[in-house]
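For reference, the chains in residue letters:
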Amino acid sequence: MFRTPRPTKIVRIVDEAERVKTFYLQDAKVARSSKAGQFVLVWVPFPANKLSNTKIDLDPHDFELLDQIPMSISCADPANETFGITVKETGETTSELHKYPVGQNLGIIGPLGHPFSYKADTCILVGGGIGVAPLRFLASELAARRRKLIGIMGFRTKGEMLFVKEMKKMFDELIVTTDDGSYGKKGSATSCFGKYLGEHRDQGLGRDPGIMVYSCGPELMIKGVLNLCEQFKLRAEVSLERYIHCGIGICGFCSINGYRVCKDGPVFPSAKLGNIKDLGLFRRTSSGKKESI
Amino acid sequence: MNSQGVKVVQEKVDLSTNLCGFKLKNPIILASGFLGSNGELLKKVAAKGVGAVVTKTVGMKERQGYKNPTVIEPMQNVILNAMGLPNPGCREFAKEIGVAKEGGVPVIASIFGTTTKEFAKVASEMEHAGADMIEINISCPHATEMNYKLIGQNPRLTRKVLTAVRKATKLPLIVKLSPNVTDITEFVTVAVECNIDAICAINTIQALEIDPVLERPVLGNLLGGQSGPSIRCIALRKVADIALHLERMKEKGKLSKDIPIIGVGGIRDALDVVRFMLVGATCVQVGSSILYEDMQVFPKIIRGLEAHMRAKGYTNTSEFKNKALGLLKHVSHPEAN
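A.B. asks: How should the overall build of chain B be read in this particular structure?
C.D. replies: Looking only at helices and strands, one finds nine helices and 16 strands in chain B. Its C-alpha atoms give chain B a radius of gyration of 20 Å, near enough to 20 Å, the size a compact globule of 337 residues would have. Here the C-alpha coordinates of chain B stretch approximately 70 × 45 × 45 Å along the principal axes. Burial status across chain B gives 55% buried among its 337 residues. Across chain B, contacts joining residues at least 24 apart in sequence account for 72% of those joining residues at least 6 apart.

Following this line, the structure appears as structure tokens:
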């Protein structure tokens, strides 16, 4: 299939948390072939208030609102040929998308990118905020393979929690943290992960080659998680985010130290991450300019 | 000795090519716009064995580029793009040139400006940054500041820009021509008269894609430029036209030196490289094919070119360069009839 947006119908919308919705889309290809950690490019073709126009006579200014954005796949249902993207309202494009109703079409390219591996017996998933979305897909894939699942999921506050009820059923052990202590343990996912590793040090964590840490969330959280993994000699795979133009590996704008997030990533194994010196420090804007995170 | 007792002489194939005084280890160059937005990726491409790399086009001031979709593949062998010249501005980009140079191959800085003054300034900034050559992009279909009319479609504007850049830098200058003109040779004459060192052809071909269900143009910029294998034969024709025009200028005494042509457009494998060389290209650039084979496309093409030359008994690319041009001499250009 060619890498151009294909019209894909919204079949269901679920309000997950404050300013977060999951859009379920009808697409056999993504539903059947995607792996956790992969993403789709989601093209929002019109501002929401122009959707009912019978004659399209858009002011070019309206196009300023629109973009095609990379979104992690948060679930896939091959039987019903649907998949989900969990979208937080953060900018113009996502807020237009949030106003889209069921039945409308979005343009989809994908699945794209390098996924998480499912090769571990014991899996520790550490997520933060909207970064929990791809980990939800990963957890369901790992649970189906009967892996031992431990989860540490951090949110700012109770109202921003995502998929907690659902994940409790999938995980053998799930720890939820909130920055303000409004739910679960008070504090960050990283500090909770550090504490967890400290408490389980005696159980030979670092010597077990069957353990893998998977992480997605704010980059500073990921960096903290990676530091702990190094300290405890644990393998890790993390999902990174950068501004993506082409999404198919040819323009190079999403590069971080020569690795393209869209093609070499978004999931990177810890073995590769040693070369990624900008991690947690710098990113590039859509112009290619390097700026501090 | 082989099994028949015949002495086999395995001539060594030499791919090295001279381009504007630089000895490239082979004639394969990374085209502008692909992986060239930062030095680290340019270094990675250099490590794949290419003869030189061209940066993403850089201008005076920072530009964010157009909204996505900026690159699409609407059908087989067709790639459309409208990036909108995103770049961090030449000052900021100077650091990337430094990093790219660590790759050990010549770094060609692709430049654009919104005024002739800007073109000159960016060229001189790139010279200071350590670029080895300058490729002047007068043909990007997305430089909208020039009122939707490309510099590369207007011989008068082209002359102004090339003259200004020529004055601004001593570096070898390559001009990248647009195929979206009635007669490309008109621009070749201008380039020769402005003392440009090499000609690169072609840039993308004006194009459009419409989504039949969503009922709107697909690219964020609405309009775009086409690249990929689908444009290869168009590019070949333009390169042949340019080569023949340069020959005619020489015959008429209007040109005394050799002006190398860099062929670009849809090159997918080694045989495509040979095709371009047979009609007069000294070097070629490869870009869109990265979509199909990633960076491995470069070593594949280089090995393939070696194998082809060995099979044909060539030791040097100059032995077959221009070979198919003679047949075209009397048909390629109306002026020749």
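A.B. asks: So what exactly am I meant to see when it comes to the sheet that holds strand β16 (residues 281–286) of chain B here?
C.D. replies: Backbone hydrogen bonds are what pair the strands of a sheet, in a parallel or an antiparallel way. Residues and elements named next belong to chain B. The eight strands lie next to each other as β3-β4-β7-β8-β9-β10-β15-β16, forming a closed barrel whose pairing is parallel. Across this sheet, the average inter-strand angle for adjacent strands is 25 degrees, counted without regard to direction. The sheet contact formed by strand β4 (residues 52–54) and strand β7 (residues 107–111) spans two bridges and is parallel. Along β7, the bridge assignment pairs V53 with V107. Against the sheet, helix α7 (residues 270–278) contacts β3 (28–30), β15 (261–264) and β16, and its axis sits at roughly 145 degrees relative to β16.

A.B. asks: Is there a simple way to think about the packing of helix α3 (residues 116–129) of chain B against helix α4 (residues 155–168) of chain B in this case?
C.D. replies: If you want to describe how two helices pack, look at the angle between their axes and the distance between the axes. Residue and element names in this part refer to chain B. Running from N to C, α3 and α4 cross one another at 35 degrees; their axes reach a closest spacing of 8 Å. For α3 against α4, the interelement crossing comes out right-handed. Contact with α3, carried on its side by T116, K117, F119, A120, A123 and S124, involves K160, V161, A164, V165, K167 and A168 of α4 and no other residues of that element. Within the contact of α3 with α4, the residues separate by chemical class into seven nonpolar, two polar and three charged.

A.B. asks: I'm lost on the interface of chain B and chain A in this one. Help?
C.D. replies: The accessible area lost on association of the parts is a frequent measure of interface size. Each partner contributes residues to the interface: chain B has 37 residues there, and chain A has 29 residues. Secondary-structure elements contributing two or more residues to the side of chain B that touches chain A are α1 (39–46), β5 (71–75) and α8 (290–293) of chain B. In terms of residue count, the dominant contributor to the side of chain B that touches chain A is β5 of chain B (five residues). Looking at side-chain class alone, the side of chain B that touches chain A contains 16 nonpolar, nine polar and twelve charged residues.

A.B. asks: Got a minute to help me understand the sheet that holds strand β5 (residues 82–88) of chain A in this structure?
C.D. replies: Residue and element names in this part refer to chain A. Spatial ordering of the closed barrel is given by β1-β2-β5-β4-β3-β6, a layout of six strands whose pairing is antiparallel. This sheet shows a mean twist of 45 degrees between the axes of neighbouring strands, independent of strand direction. Where strand β1 (residues 6–17) and strand β6 (residues 105–112) come together, four bridges link them in antiparallel fashion. Bridge assignment links K9 to a residue of β6, and that residue is N105. Of the strands in this sheet, β4 (68–77) and β5 are in contact with helix α3 (residues 132–144), which crosses β4 at around 25 degrees.

A.B. asks: For this particular structure, what's the right way to read the nonpolar core?
C.D. replies: With 189 residues, the main nonpolar core has V53 and I199 of chain B as its most contacted residues. In terms of residues, this core owes the most to one element, helix α6 (residues 232–251) of chain B, which gives eight residues. A domain-level breakdown of this core finds at least three residues from each of domain 1 (6–112) and domain 2 (122–292) of chain A. Apart from the residues lying within four places of it in its own chain, the contact partners of I199 of chain B are V175, L177, V188, A191, I242, I259 and I261 of chain B.

Calculation criteria
- Residues numbered from 1 in each chain as written.
- Chains lettered and ligands numbered in written order.
- Predicted model: local features only at pLDDT ≥ 70, side-chain atom pairs only at ≥ 80, totals over all residues.
- Helix = DSSP H or I, 4+ residues; strand = E, 2+ residues; numbered from the N terminus.
- Rg over C-alpha atoms; globule rule 2.2 N^0.38 Å.
- Buried ≥ 20, exposed ≤ 12 C-beta atoms within 10 Å, placed from the backbone.
- Contact = placed C-beta atoms within 7 Å.
- Pairing = 2+ DSSP bridges.
- Axes fitted to C-alpha atoms, helices over the stretch in contact; angles between N-to-C directions.
- Left-handed = near helix turned anticlockwise from the far one by under 90°.
- Nonpolar A, V, L, I, M, F, W, Y, C, P; charged D, E, K, R; others polar.
- Core = buried A, V, L, I, M, F, W, Y, C linked by C-beta atoms within 7 Å.
- Domains from an automatic or database assignment.

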